[in-house]
Amino acid sequence: MGLLEGECDPVIVVNENGSSPFVLVCEHAGNRIPARLGNLGLTEEDLVAHIAWDPGAEPMARRVSEILDAPLVIQPYSRLVIDCNRPPHNGESIWQVSEYTTIPGNLDLTPEQRRERVDEVFTPFHDRIARLLDDRAAAGRQNVLVTLHSFTPVYKGFQRPWHVGAQYNRMPALSRAINSLLARDANLVVGDNEPYPVNDETHYTIPVHGEQRGIPHAMIEVRNDLISTEAGQALWAERLAAVIVEALGVITAQGTH
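Residues numbered from 1 in each chain as written. Predicted model: local features only at pLDDT ≥ 70, side-chain atom pairs only at ≥ 80, totals over all residues. Heavy atoms only, no water.

Caption draft 1: The arrangement of the pairing of strand β10 (residues 217-223) in detail. With seven of seven residues buried, β10 is to be regarded as a mostly interior element. The two faces of β10 match: H217, M219, E221 and R223 on one face and A218, I220 and V222 on the other face are all buried. Across seven bridges, the pairing between strand β6 (residues 144-151) and β10 is parallel. Opposite V146, over in β10, you have A218 as the bridge partner. Across four bridges, strand β9 (residues 164-167) lies against β10 in antiparallel orientation. If you follow A166 over to β10, its bridge partner there is I220. (Buried < 20%, exposed > 50% of the residue type's maximum accessible area, 1.4 Å probe, protein only. Helix = DSSP H or I, 4+ residues; strand = E, 2+ residues; numbered from the N terminus. Pairing = 2+ DSSP bridges.)

This is how it looks when you write it as structure tokens:
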């Protein structure tokens, strides 16, 4: 593949030295395609759709970072180049068909072509997350990992009823506390481990950087029509910032994580 000189770095770190215990990650922030891959055979309409990225997630995440004074690690390239929340061995690491859309530029890739995308995008991104968490731990800082995503209201014909949901696997305490606190608002439909329950085969950031380190963590999904405007992004950033701080207090008092 080969990123060209002047192309965007595969990882952007915002507010690296923030004072918060939270470390935020946005794996599907961008929809950029490296120049050497053209447009992967897709239309401009495809590249702004949810198949290419998590619409609204990056500006929402940046606002959460500002509110909490938390570091934020951003992935600016499209998940259609390589999905940085999938293990590289997973068939969905480089999508050939996403929902109903075939990705022509991802068909019939050689092992070497796949490896290039891992080496140039996936590995630098996750190495940077690991280094940030390591450096903070070495300095005696608390690490609480929260990944921020958006999801499409309709997927393969299914109308998703949820507004928001925190996902988890082996260490559910923080996500369950978040969901419980969000559910205090009777106007919200909260998905408990919906729409994407975390597991080792279909997720990477939480299992590797959260579970393997034994640190509190949560993966939060907000329906993307709710954060399609600047006002919606600000509203949800403020809501989530308050809730994750309160949720951390709850599990700390309980002695769980």
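Caption draft 2: Layout of the packing of aromatic side chains. Enumeration according to the criterion identifies two aromatic pairs in this entry. When the centroid spacing of 4.8 Å and the interplanar angle of 70° are considered together, the rings of F122 and Y204 count as edge-to-face. Taken together, the residues span a long stretch of sequence, with F122 in helix α3 (residues 111-138) and Y204 in the loop between α4 (173-182) and α5 (205-211) at a distance of 82 residues. Across the pair, exposure class does not vary: F122 and Y204 are buried alike. Centre to centre, the rings of F158 and W162 are 6.2 Å apart; their planes meet at 65°, and the pair counts as edge-to-face. Over the face of the ring belonging to W236 we find R239, whose NZ or CZ atom lies 4.4 Å from the ring centre. (Phe/Tyr/Trp six-rings, centres within 6.5 Å; stacked < 30°, edge-to-face > 60°. Lys NZ or Arg CZ within 6 Å of the ring centre and 35° of its normal.)

Caption draft 3: Quick look at the pattern of salt bridges. Within the structure shown, the criterion is met by 13 salt bridges. The shortest N-O distance in the salt bridge between R128 and E16 comes to 2.8 Å. One end of the pair, R128, is in helix α3; the other, E16, is in the loop between β1 (12-14) and β2 (22-26), and 112 residues separate them in sequence. Of the residues examined, R128 reaches a relative accessible area of 12% and is grouped as buried. (Salt bridge = Lys/Arg side-chain N within 4 Å of Asp/Glu carboxyl O.)

Caption draft 4: Spotlight on the pairing of β2. A large share of β2 lies buried, amounting to five of its five residues. Sheet analysis places β2 next to β6, joined by four bridges and oriented parallel. Following the sheet pairing, F22 is matched in β6 by V144. Looking at chain direction, β2 and strand β3 (residues 72-74) are connected through three bridges and run parallel. Bridging across to β3, V25 finds its partner in V73.

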